[in-house]
Amino acid sequence: MGRGKLRIYLGAAPGVGKTYAMLSEAHRRVERGTDCVVAFVEHHGRARTEVMLHGLEQVPRVELAYRGAVFTEMDVDAVLRRAPAVALVDELAHTNVPGSRNTKRWQDIEELLAAGVDVVSTVNIQHLESLGDVVESITGVRQQETVPDEVVRRADQIELVDMSPQALRRRMAHGNIYQPDKVDAALSNYFRPGNLTALRELALLWVADRVDEYLQEYRSEHQVSAIWGSRERIVVGLTGGPEGRTLIRRAARLAEKGAGGEVLAVYISRSDGLTSASPKELAQQRTLIEDLGGTFHHVVGDDIPAALLDFARGVNATQIVLGSSRRKTWQYVFGPGVGTTVARESGPDLDVHIVTHGEVAKGRGLPVARGARLGRARIVSGWIVGVAGPVGLALLLNAIHLGLANDMLLFLSLTVAAALLGGLLPALVSAALGSFLLNYFYTPPLHRLTIADPKNIVAIAIFVGVAVSVASVVDLAARRTEQAARLRAESEILSFLAGSVLRGETSLEALLERVRETFGMESVALLERKSDVEPWTCAGRVGVGVPLERPEDGDVDMPVGDHMALALTGRVLPASDRRVLAAFAAQAAVVLDRRRLREEADRARALAEGNRIRTALLAAVSHDLRTPLAGIKAAVSSLRSDDVAWSEEDQAELLEGIEAGADRLDHLVGNLLDMSRLQTGTVTPIVREIDLDEVVPMALVGVPEGSAELDIPETLPMVAVDPGLLERAVANLVENAVKYSPPERPVLVSASAIADRVEVRVVDRGPGVPDAAKDRIFEPFQRYGDAPRGAGVGLGLAVARGFTEAMNGTLNAEDTPGGGLTMVLTLRAAHGTAEDAQGVEDVHGVRAAGAADAAGDERDVKDVQPERQVS
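Residues numbered from 1 in each chain as written. Predicted model: local features only at pLDDT ≥ 70, side-chain atom pairs only at ≥ 80, totals over all residues. Heavy atoms only, no water.

### Considerations on the overall build of the chain
Right, on to step 1. When helices and strands are tallied, the chain shows 24 helices and 26 strands.
Right, on to step 2. Relative to its full complement of 871 residues, the chain shows a buried share of 46%.
Right, on to step 3. Carbon and sulfur atoms make up 54% of the accessible area of the chain, which totals about 42600 Å². (Helix = DSSP H or I, 4+ residues; strand = E, 2+ residues; numbered from the N terminus. Buried < 20%, exposed > 50% of the residue type's maximum accessible area, 1.4 Å probe, protein only. Areas by Shrake-Rupley, 256 points an atom, 1.4 Å probe, with all protein chains shown as cover.)

### A few points about the pattern of salt bridges
Side chains bearing opposite charge may pair, as long as their charged atoms lie close to each other.
Right, on to step 1. Across all of its chains, the model carries 24 salt bridges by this definition.
Right, on to step 2. Here Arg-82 makes a salt bridge to Asp-35, at a shortest N to O gap of 2.7 Å. You can see Arg-82 sitting in helix H3 (residues 76-82) and its partner Asp-35 sitting in the loop between helix H1 (18-31) and strand S2 (36-40), a full 47 residues away along the chain.
Right, on to step 3. Look at Arg-82 and you get partly exposed, because its relative accessible area is 27%. (Salt bridge = Lys/Arg side-chain N within 4 Å of Asp/Glu carboxyl O.)

### Focus: the sheet that holds strand S1 (residues 6-11)
Right, on to step 1. Pairing in this open sheet of 6 strands is parallel, and the strands run S3-S2-S6-S7-S1-S8 from one edge to the other. In this open sheet, the two strands that pair with only one neighbour each are strand S3 (57-58) and strand S8 (157-161).
Right, on to step 2. Here 2 bridges tie S2 to S3, and the two strands are oriented parallel to one another. In the strand pairing of S3, Val-37 is matched with Glu-57. (Pairing = 2+ DSSP bridges.)

### Here we look at the pairing of strand S5 (residues 69-73)
Note on strand geometry: in a regular strand, side chains alternate between the two faces of the sheet.
Right, on to step 1. Here strand S4 (residues 62-66) runs beside S5; their pairing, made up of 5 bridges, is antiparallel. Looking across to S5, one finds that Leu-64 is bridged to Phe-71.

### Considering the packing of helix H15 (residues 404-422) against helix H16 (residues 424-442)
Right, on to step 1. At their nearest, the axes of H15 and H16 sit 7 Å apart, and the two run at 165 degrees to each other. Accordingly, the angle class assigned to the pair H15 and H16 is roughly antiparallel. Every pair of crossing elements has a handedness; the one defined by H15 and H16 is right-handed. From H15, Leu-404, Asp-407, Met-408, Phe-411, Leu-414, Thr-415, Ala-418, Ala-419 and Gly-422 reach across to H16, where they touch Leu-424, Pro-426, Ala-427, Ser-430, Ala-431, Gly-434, Leu-437, Leu-438 and Tyr-442.
Right, on to step 2. Among the residues making up the contact of H15 with H16, the classes are represented as 13 nonpolar, 4 polar and 1 charged. (Axes fitted to C-alpha atoms, helices over the stretch in contact; angles between N-to-C directions. Parallel < 35°, antiparallel > 145°, perpendicular 65-115°, else oblique. Left-handed = near helix turned anticlockwise from the far one by under 90°. Contact = heavy atoms within 4.5 Å. Nonpolar A, V, L, I, M, F, W, Y, C, P; charged D, E, K, R; others polar.)

### Some remarks on the confidence of the model for the chain
Right, on to step 1. Mean pLDDT over the chain: 76, with 76% of residues reaching 70 or higher.
Right, on to step 2. When the criterion is pLDDT under 50, residues 363-372 qualifies, and its contacts beyond four places in sequence or with other chains add up to 27 contacts.
Right, on to step 3. Every residue in residues 832-871 is under pLDDT 50, and counting partners more than four places away or in other chains gives 145 contacts. (pLDDT = per-residue confidence, 0-100.)

### Topic: the environment of Pro-574
Right, on to step 1. Along the polypeptide, Pro-574 turns up in the loop between strand S17 (564-569) and helix H19 (578-623).
Right, on to step 2. Here Pro-574 falls in the partly exposed class, since its relative accessible area comes to 37%.
Right, on to step 3. In sequence terms Pro-574 and Val-556 are 18 residues apart; their C-alpha atoms lie 9.8 Å from each other.

Written out as structure tokens, the structure is:
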């Protein structure tokens, strides 16, 4: 009997319908006469899923006792004895109860497959082992139950069960996924729209990669070598000219027409230093390609067509986009050009698009100088012409003798050609060799080094003089051209640097990266020290390699002032390049100074904000504190007056007013002092490990009886906090919530554990706060809407957030499902307590706050919430 086949329904989150889809498939197979049984399916109390189990044969489960409780698991032996054609096994990543046949359910499934039973199973994307860290960073929940990726990849069929986050949240709100008592927690934690969207993207991308693997396997099995256009990858060749933006936009439009198209822009520079491309233009093109969703790449290569094709094949590109040549017609005598060469050598797998643009045939810029010398290829060509040319010409003239005058002119032409190509030395060698051959072969007496006619001596001397003069002029002109091109490139770079200074837009890292790309180096670092005796420190670095500790450790170092230097590794630069490098170094120092000035400006703004807070404190003292003081003063004066005989009820009422005014005054002064401590940075938490039920109940003492309900599970892990600061923060949150929640709807204070965090949620059913105001309500002295002056100074929430952040926690506001506002206070769990609080429930992936998959986020509130006032 052969191995069974595995079919997996993959979902992005619980509740998308994986189990329902699996059961629907089972019913279809049963209708076709397939022997299909339910080996293990958990409906989790979902009515629609439970209905789908009707009509399907279910193999009885095995019962196992663990820690005083009885659990049921799949009976692998019973399924093997039953030997169905297809077995339904839910929750592929499930951890079996200790004492089971295997530790993991996927191991049970492996046994069934090995016995020839086809298996249909389900799994969520967050349970894949390789995605554990990614899922935790998104949801804050570390999945304890995982399955190796290879198990899922080996499946014969993988079907994605997809659902939009909005639809899934509606299903959750309607009670179709979890019990009603868990809905609010799930919507407010794990099932946030952002979480669901990110998990959905993970699932789609993972399945897309699996489809690519299937395609590659098929192509390999069927020996398909041609590139199929199922996914376009387009490479754009940039020259640094203004036409690059046109090419990028054209490539982006091509990518949009294909499925999952990708655009990669590549600029190829020579390996020997500066380039003729405008740095500003390249920077703009880099920004454009990134804005369009593509990537920018910088490649070093002397043979541009070969480097471009190597890059395209290396990234499995399907198309190359190039611009029509900017060279003038006469420049084609030097070669066919990059576009023609790439099109000729691309082969059948790469399509090459030549795009017209406004710069066609307008001429290219001068070539980039590689120092004040000629290129290696030109020098080699000059030596070939200067040495082999006269010999070949002599052989030709031996067969066709044109006379001494014509022979001398032909040899002179070769000398000029050698000068044009290789410079002075090849031309001198050509002139000497040509004069020797003229004397030996064509000046009487022939085949001897003597000259019989004095006129011929003069002619040969003139020939040598003219040849040397022409070679010197040509060599000098070529070198001046190279120098002019170099100066042009340098001027463009210096212009870019000057513009960046004026715009103030270049960061230090971006500038160092520009240095590295311009000079073709491996790494660049800006080092500084405070004095000559102190060690060097790195202010900024880009590239690869071992970090530099001193400027002299690099291949090139450029001092900037007395205590700063730019160090580069990769190769030794010629002296002519150091002028531009000095400009870069000076600019790097300016950028570093600007960054530090910006930091000082930020500190100055912080001081200004502190002054603003102090001014507001004075205003609060002069206005909001005057009301309770005036009330207390009036009540005391009335009691002390001898003109009126107060009854006991009147005296009690006046004393109650004095007490209420004193309490209010104490509350206001406490908030003012707390805010002063926060602003001056004098709040020093004394953190220790405590249980929430030791602190949170004490925070409810100051609110009216029955206005708040408490739900703090005993199984919660301990938290690392300052008890006094936590009590004050929770008290302010509860007081604020009670103020705006209807009397008949008490405020709920609950707590739950999520991964290594503990959340305290203060839930009210008041009017809520608009999304635009959720951040402003935590600012000092903020009161919204028509809050009366006596409602408070607007410090309660600001103090609560300040105390929370001082304990390394967070405080945020969310909409309450069904209307209202929920304050979420997140604290760090104490080490070594979270796992102890989970107990046996971890075996089934259940946490203190409900199912791990039910930890979620805020619920969408469609109604527009009126503004509320915050004290």
